[in-house]
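The chain contents come next:
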Amino acid sequence: MPPGGYAWWYIDGVSDDGERAVSVIGFIGSVFSPWYAWSGRGDPGNHCCINVATYGRGGRFAMTDRGRTALRQTSDTLTVGPSSLHWTGKQLVIDVDEISSLPIISRMRGRITLTPPALTDIELPLTSDGAHVWRPFAPIARISVDLEAKGWQFDGHGYFDSNFGTRALEEDFSSWTWARYPTRSGATCFYDAERRDGTRLYAAIGFTPEGQAAQVPAPGSARFNRTLWALPRSTRADPGYRPKQIKSMLDAPFYSRSVVETMLHGERVQGVHESLDLNRFASPIVKSMLACRVPRRAGWKF
């Protein structure tokens, strides 16, 4: 990982009844850590974490910025302090042992297992020079959540991807939206980004359960309600259909994650949607606010 760079492995899942959801992100060079930004981004391995969030009644959020001694990697395992992501060849097994941050401090412990029917073999450069790359490993998957907390055991639809880069996100992008929608034929993902150089990324990719991927026709962009922090949001939708939020997941000054319902080529779908405002994230005030939710723990012994 070069100085200034980053890698993250992202997993989300929504319960079959729609009542609960989860997300896990393993970071090396934690792009949303104020501590990495304040350090000058010279040593990505010294700012790593496994971010775990649960959404629904009793949901928690844990994101601890850890030092280099907490990081261990093999070809199939990422370990950061007490938590790890392990690929068995058929499943991604996530062992969680974290302490949630304010406003409710408590232990988050248990196992999350993601089982995809197949893996894709595609990568999408997000900039013309390939400084940022999206790697959707498993846009179609089942997820099983078994945490040591009442009610936090469920099965649902899941997703697994990764992003890699050699520069800060805010250096090359001003905003982006991303979404993944399960469909009758598989899943459709949208990646729309506004770059600092004035160009835009418009990506619409359909995935089959066999791991095949292809560009698909994309309906136009449709705005829907702003977040509690007045963050603007949009996603793709058939003409005349207004998307709507079904479930709030994460609502931050610069970032939103939620379950959204939209209409794609006549099919009503619900999936996970994200909006990111990197102009807001670049603000020193926002980074100071983040430090309250993202504690720094530099030391660790295995």
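In the block above lies the structure referred to throughout.
The structure contained in this document is the topic of the report that follows. (Residues numbered from 1 in each chain as written. Predicted model: local features only at pLDDT ≥ 70, side-chain atom pairs only at ≥ 80, totals over all residues. Heavy atoms only, no water.)

## Considerations on the nonpolar core
So, step 1. With 44 residues, the main nonpolar core has Trp8, Phe32, Trp134, Leu169, Trp176 and Phe254 as its most contacted residues.
So, step 2. Counting 29 residues, the second-largest nonpolar core is a separate cluster that includes Val22, Ile28, Ile50 and Met108. (Core = buried A, V, L, I, M, F, W, Y, C linked by side-chain atoms within 4.5 Å. Buried < 20%, exposed > 50% of the residue type's maximum accessible area, 1.4 Å probe, protein only.)

## Thoughts on the sheet that holds strand β21 (residues 255–264)
So, step 1. With antiparallel pairing, the seven strands of this open sheet are ordered in space as β17-β16-β15-β14-β22-β21-β20. Because the sheet does not close on itself, it has two edges, and the strands there are β17 (213–215) and β20 (244–251). Averaged over all pairs of adjacent strands, the angle between their axes in this sheet comes to 20°, without regard to strand direction.
So, step 2. Of the strand pairs in this sheet, β21 and strand β22 (residues 267–277) are connected by 10 bridges, and their pairing is antiparallel. Across the sheet, the residue bridging to valine 260 is glycine 271, located in β22. (Pairing = 2+ DSSP bridges. Helix = DSSP H or I, 4+ residues; strand = E, 2+ residues; numbered from the N terminus. Axes fitted to C-alpha atoms, helices over the stretch in contact; angles between N-to-C directions.)

## Some points on the packing of aromatic side chains
So, step 1. By the definition in use, this model includes 21 aromatic pairs.
So, step 2. An aromatic cluster is built from Tyr6, Trp8, Phe27, Phe32, Phe254, Tyr255 and Phe281, whose rings are joined through pairwise contacts.
So, step 3. Sitting over the face of the ring of tryptophan 152, arginine 20 holds its NZ or CZ atom 4.3 Å from the ring centroid.
So, step 4. The lysine or arginine in question, arginine 72, covers the ring of phenylalanine 302, its NZ or CZ lying 3.9 Å from the ring centre. (Phe/Tyr/Trp six-rings, centres within 6.5 Å; stacked < 30°, edge-to-face > 60°. Lys NZ or Arg CZ within 6 Å of the ring centre and 35° of its normal.)

## A few points about the pattern of salt bridges
So, step 1. Inspection of every chain in the model, using the stated rule, returns 19 salt bridges.
So, step 2. Ionic pairing is found between arginine 167 and aspartate 172, a salt bridge with its closest N-O pair at 2.8 Å.
So, step 3. Note on arginine 167: relative accessible area 24%, which makes it partly exposed. (Salt bridge = Lys/Arg side-chain N within 4 Å of Asp/Glu carboxyl O.)

## What to know about unusual backbone geometry
So, step 1. Even without being glycine, arginine 41 reaches a positive phi, approximately 60°.
So, step 2. Structurally, arginine 41 can be placed in the loop between α1 (34–38) and β3 (48–55).
So, step 3. In this structure arginine 41 comes out as buried when scored by relative accessible area, which is 12%.
So, step 4. The phi torsion at histidine 265 lies on the positive side, around 55°, for a residue other than glycine.
So, step 5. Along the chain, histidine 265 turns up in the loop between β21 and β22.

## Points about the environment of alanine 230
So, step 1. Position of alanine 230 relative to the elements: it lies in the loop between β18 (221–224) and β19 (233–236).
So, step 2. Between the C-alpha atom of alanine 230 and that of isoleucine 25, which follows or precedes it by 205 residues, the distance is 25 Å.

## Topic: empty space enclosed by the protein
So, step 1. As enumerated under the stated definition, the model contains two cavities of 30 Å³ or more in all.
So, step 2. In this structure, the largest cavity occupies an estimated 150 Å³ of space.
So, step 3. If you go around the largest cavity, you meet 15 residues; those closest to its centre are Trp8, Tyr10, Trp176, Tyr255 and Glu274.
So, step 4. Looking at the lining of the largest cavity, the elements with two or more residues in it are β1 (6–15), β2 (21–28), β13 (153–165), β14 (173–183), β21 and β22.
So, step 5. Taken together, the residues of the lining of the largest cavity sort by class into 11 nonpolar, one polar and three charged.
So, step 6. Considering only enclosed or pocket space, the second largest cavity measures out at about 40 Å³ in volume. (1 Å grid on protein atoms, 1.4 Å probe; cavity = no way out; pocket = protein on both sides within 12 Å on 5 of 7 lines; lining within 4 Å. Points joined across faces, edges and corners; volume = space filled by probe spheres on them. Nonpolar A, V, L, I, M, F, W, Y, C, P; charged D, E, K, R; others polar.)

## Regarding the layout of surface pockets
So, step 1. Taken as a whole, the largest pocket spans an internal volume of roughly 640 Å³.
So, step 2. Along the wall of the largest pocket there are 32 residues; nearest its centre are Phe61, Leu250, Asp251, Ala252 and Arg293.
So, step 3. Those elements that place two or more of their residues in the lining of the largest pocket are β2, β3, β20, β21 and α4 (284–293).
So, step 4. Looking at the lining of the largest pocket residue by residue, the class counts come to 21 nonpolar, seven polar and four charged.
So, step 5. Forming the walls of the second largest pocket are 20 residues, and the residues nearest its centre are Ser175, Thr177, Arg200, Arg223 and Ser234.
So, step 6. Its residues assigned to classes, the lining of the second largest pocket shows six nonpolar, seven polar and seven charged.

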